[in-house]
Amino acid sequence: MATQQPVSAQPPALKLDNIQGDILSGLPKKTETMYFFQIKDALKFRRDLVSFVPLVKSVAQVLKDRKEIDEHKKGHGQGYGHGHSVRPHLIPMVGVNISFSHIGFKTLDIDDKKLHDTAFLRGQRLDAGRSLGDKGTGTGDSFVPDWDEPFKQDIHGVIIVTGDSHATVNKTLHDIENIFGVGSNNASIVEVTSVRGDARPGNLSAHEHFGYLDGVSNPALIGFDTNPPPGPAPIRPGVIVLGHDGDPNVTDRDGWMVDGSFLVFRYLFQKVPEFDDFVERNKLKVPGLTEKENADLLGARLVGRWKSGAPLDLAPFKDDPELGADPQRNNNFQFSAELNFQKLCPFAAHVRKTLPRADLESLGFSTERNRIMRRGIQFGPEVTKKERADKKTYHGRGLVFACYQSSITNGFQFIQQSWVNNPTFPFGETTPEVPGVDPLLGSGPNRKLSGVDPNNPSFELVLDDEWVIPRGGEYFFTPSIKGLSDAIALAA
């Protein structure tokens, strides 16, 4: 049993060399592999960790990597897109992080009770039917989600490896498997499955497969982000990192938990041709717009942003690519509900459901504790000509969704259960119509939303398909590097 040390009453300052790198700064990546494993020999695994921990990249190291990348671009890629046709080569670079499930900690005989998170302790497989709305069979503790078979098994942990290329990542994974003896008679872990994500090509990079710019509204952290772009107010660091101001259990964490964070993983498949077909079949009829513009407007009103990233709150009826590409403007809005109701943006639009801003703040509610740090990447091929012609998905593609928070019950689980799947949210005097569910992530027997027609906000659009399908997931805890070395790893 690992020795447990109580934390001090005063939350410590962020130690960037102790926090795993993906949490606050995001491991740089053109490709990423999530390697899910089971522990077969707990004692040997803990001893093998001694050799593995030096590979784990911290926030401080990631910040140095990002500075090196920026300097490389300035020195070798100036002017790309302005008369220069050669894109600068990528710097060979790799990042490694590791996280554990509750079952993993039990297997290692690590007492994780003071993580104080009922979702984490239950695990996502059971939570999928109870709180997340995933389809499946059975009820309660007998619920089995409609997931891919590997994710119906117990998963003890996940190793994240990111890099500039498949070759870089694959070599590092091979080295890691050697550390744990994978494939030998004395292996300490066995691979359950792996999921690989890749940045989309060219100008599609940073856009998810439906085509919309992703990752725009991650929160800025007080004490970490020194010059954040305009937008929602920065949040206290403890909303994301345990043991700091804003952590709901800051005074009752064991020492090895400080500087860690909960990781939520979701394997989300996207039915892109079907979504595009729905948008085309249900395009709006706003006077003065072409049929294509009316179709694009409907898609934007389902998402809450145009594909460029321009928010409807600032560009309600026509895309503004310059606005969408400008980080100083594209997140600087508040959904001023008392002024515009659903004229500018539907209450149930995806980005409004998942971060309601003034819809709650104008009623005196803070959304700080519900913020999450998203670290997803796309997977699968681009849509083929045949898929577009047939309006049907034949190849698996979607989002490797990942997010960090200091409380899954306040963060991801709450957002999905109380906002995304709740047709009456947002609520109050500012919502004369029933909002409906999030058209992308919302589940339930009666999927519809109001507000898609800016000239008739009470009109309810029936969502005749589901375009984002969960096919796996788990809840993990990402310990600090000191927690890994001092409390989880064991010297031989």
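Residues numbered from 1 in each chain as written. Predicted model: local features only at pLDDT ≥ 70, side-chain atom pairs only at ≥ 80, totals over all residues. Heavy atoms only, no water.

Looking at the packing of helix α6 (residues 124-132) against helix α15 (residues 412-420)
And then number 1: The geometry of α6 relative to α15 is characterised by a closest axis approach of 10 Å and an angle of 35° between their N-to-C directions. On the side of α6, the interface is formed by Asp-127, Arg-130, Ser-131 and Leu-132, while α15 contributes Phe-412, Gln-413, Gln-416 and Gln-417.
And then number 2: Within the contact of α6 with α15, the residues separate by chemical class into 2 nonpolar, 4 polar and 2 charged. (Axes fitted to C-alpha atoms, helices over the stretch in contact; angles between N-to-C directions. Helix = DSSP H or I, 4+ residues; strand = E, 2+ residues; numbered from the N terminus. Contact = heavy atoms within 4.5 Å. Nonpolar A, V, L, I, M, F, W, Y, C, P; charged D, E, K, R; others polar.)

A short note on the confidence of the model for the protein chain
Segments scoring low in pLDDT should not have their predicted coordinates read at a detailed level.
And then number 1: Averaged over every residue, the pLDDT of the protein chain is 93; residues scoring 70 or more account for 93%.
And then number 2: The low-confidence segment residues 1-8, where pLDDT is below 50, has 20 contacts with residues more than four positions distant or belonging to other chains.
And then number 3: This model gives residues 78-85 a pLDDT under 50, and the stretch forms 6 contacts once residues within four places in sequence are excluded. (pLDDT = per-residue confidence, 0-100.)

Concerning the packing of aromatic side chains
Aromatic ring pairs: the centre-centre distance and the angle between the two ring planes describe each pair.
And then number 1: Per the counting criterion, the structure on display carries 29 aromatic pairs.
And then number 2: Arranged with centres 6.0 Å apart and planes meeting at 85°, the rings of Trp-256 and Phe-477 form a pair that is edge-to-face. Of the two residues, Trp-256 is situated in the loop between β6 (189-198) and β7 (261-270) and Phe-477 in strand β13 (residues 468-478); the sequence distance between them amounts to 221 residues.
And then number 3: Assessed through its relative accessible area of 5%, Trp-256 is described here as buried.
And then number 4: One cation-aromatic arrangement involves Lys-307 over Tyr-212; the distance from NZ or CZ to the ring centre is 5.7 Å.
And then number 5: The side chain of Arg-369 reaches across the aromatic face of Phe-414, ending 5.5 Å from its centre. (Phe/Tyr/Trp six-rings, centres within 6.5 Å; stacked < 30°, edge-to-face > 60°. Buried < 20%, exposed > 50% of the residue type's maximum accessible area, 1.4 Å probe, protein only. Lys NZ or Arg CZ within 6 Å of the ring centre and 35° of its normal.)

Some remarks on the side chain of Arg-46
And then number 1: Residue placement: Arg-46 occurs in helix α2 (residues 42-52).
And then number 2: At 5.7 Å, Asp-109 is the nearest oppositely charged side chain to Arg-46, a buried residue that forms no salt bridge.
And then number 3: Polar contacts involving the side chain of Arg-46 include one to the main-chain carbonyl oxygen of Leu-108, which spans 3.0 Å.
And then number 4: At 2.7 Å, the side chain of Arg-46 forms a polar contact with the backbone oxygen of Ile-488. (Lys, Arg positive; Asp, Glu negative; His and termini not counted. Salt bridge = Lys/Arg side-chain N within 4 Å of Asp/Glu carboxyl O. Polar contact = N/O pair within 3.5 Å; in protein donor to acceptor, adjacent residues only side chain to side chain.)

Comments concerning the environment of Gly-309
And then number 1: Mapping Gly-309 onto the fold places it in the loop between α9 (291-303) and α10 (321-324).
And then number 2: On the accessibility criterion, Gly-309 (0% relative accessible area) is buried.
And then number 3: Excluding its chain neighbours within four sequence positions, the residues that come into contact with Gly-309 are Leu-213, Gly-324 and Asn-330.

Details of the layout of surface pockets
Empty pockets left among the atoms are what a rolling probe the size of a water molecule brings to light.
And then number 1: Roughly 650 Å³ of internal volume is contained in the second largest pocket.
And then number 2: Surrounding the second largest pocket, 30 residues form its lining, Phe-210, Asp-276, Lys-292, Asp-296 and Lys-307 being those nearest its centre.
And then number 3: Looking at the lining of the second largest pocket, the elements that each hand over two or more residues are α8 (272-281) and α9.
And then number 4: Residues of the lining of the second largest pocket, tallied by class, amount to 12 nonpolar, 5 polar and 13 charged. (1 Å grid on protein atoms, 1.4 Å probe; cavity = no way out; pocket = protein on both sides within 12 Å on 5 of 7 lines; lining within 4 Å. Points joined across faces, edges and corners; volume = space filled by probe spheres on them.)

Re the nonpolar core
And then number 1: Core analysis: the largest hydrophobic core is formed by 83 residues, its most contacted members being Phe-45, Ile-98, Phe-100 and Ile-159.
And then number 2: The leading source of residues in this core is α9, at 6 residues.
And then number 3: Among the nonpolar cores identified, the runner-up in size contains 35 residues, and Phe-143, Val-158, Phe-224 and Ile-377 belong to it. (Core = buried A, V, L, I, M, F, W, Y, C linked by side-chain atoms within 4.5 Å.)

Remarks on a nonpolar patch on the surface
And then number 1: Taken together, the side chains of Leu-363, Phe-365 and Phe-427 define a hydrophobic patch exposed on the protein surface, amounting to about 260 Å² of accessible area.
And then number 2: Its place among the elements puts Leu-363 in the loop between α13 (358-361) and β8 (373-374).
And then number 3: The exposure class assigned to Leu-363 is partly exposed, which follows from its relative accessible area of 35%. (Patch = residues over 30% accessible without salt bridge, like charges linked within 9 Å, V, L, I, M, F, W, Y side chains within 5 Å. Areas by Shrake-Rupley, 256 points an atom, 1.4 Å probe, with all protein chains shown as cover.)

Quick look at the pattern of salt bridges
Between side chains of opposite charge, a pair can form when the charged atoms approach closely.
And then number 1: Counted under the stated rule, the structure contains 34 salt bridges.
And then number 2: One salt bridge in this structure joins Arg-200 and Glu-382, with 2.6 Å as the shortest N-O distance. Note that Arg-200 is positioned in the loop between β6 and β7 and Glu-382 in the loop between β9 (377-379) and α14 (385-390), a separation of 182 residues in sequence.
And then number 3: When the shortest N-O distance is used, the salt bridge between Arg-352 and Asp-359 registers 2.6 Å. Residues Arg-352 and Asp-359 agree in their burial class; the two are buried.
And then number 4: In this structure, a network of salt bridges that share partners links the residues Asp-277, Arg-281, Lys-391 and Asp-464.

A word on unusual backbone geometry
And then number 1: With an omega dihedral of 0°, the bond running from Phe-425 to Pro-426 counts as a cis peptide bond.
And then number 2: Structurally, the position occupied by Pro-426 is in the loop between α15 and β11 (448-450).
And then number 3: The phi dihedral of His-116 is positive, around 50°, even though this residue is not glycine.
And then number 4: Topologically, His-116 is positioned in the loop between α4 (102-107) and α5 (118-122).
And then number 5: Non-glycine residue Arg-357 carries a positive phi angle of around 50°.
And then number 6: When you line up the elements, Arg-357 lands in the loop between α12 (350-354) and α13.
And then number 7: Under the relative-accessibility criterion, Arg-357 is labelled buried at 3%.

Topic: the environment of Gln-153
And then number 1: Tracing the backbone through its elements, the reader meets Gln-153 in the loop between β4 (144-145) and β5 (157-163).
And then number 2: When its relative accessible area of 38% is taken as the criterion, Gln-153 is described as partly exposed.
And then number 3: Placed 224 residues apart in sequence, Gln-153 and Ile-377 show a C-alpha to C-alpha distance of 23 Å.
And then number 4: Excluding residues within four positions of it along the chain, Gln-153 makes contact with Gln-38, Arg-125 and Val-192.

Considerations on the packing of α8 against α9
And then number 1: Across the interface, α8 lies against α9 with an axial gap of 8 Å and an inter-helix angle of 120°. By the angle between their axes, α8 is oblique relative to α9. In terms of crossing hand, the pair formed by α8 and α9 is right-handed. Contacts from Phe-275, Phe-278, Val-279 and Glu-280 of α8 reach α9 at Ala-295, Leu-298, Gly-299 and Leu-302. (Parallel < 35°, antiparallel > 145°, perpendicular 65-115°, else oblique. Left-handed = near helix turned anticlockwise from the far one by under 90°.)

A word on helix α7 (residues 166-179)
And then number 1: Between its first and last C-alpha, α7 extends 20 Å over 14 residues, near the 20 Å set by a 1.5 Å rise per residue.
And then number 2: Within the sequence span of α7, burial applies to Val-169, Thr-172, Leu-173 and Ile-176. Buried positions in α7, seen along its axis, are confined to an arc of 105° and lie on one side of it. Along α7, exposed side chains directed more than 90 degrees from the buried face belong to Ala-167 and Lys-171.
And then number 3: Among the structural elements, β1 (31-39), α2, β2 (94-100) and β5 are those in contact with the buried residues of α7. (Expected span 1.5 Å × (residues − 1). Arc of directions from axis to C-beta.)

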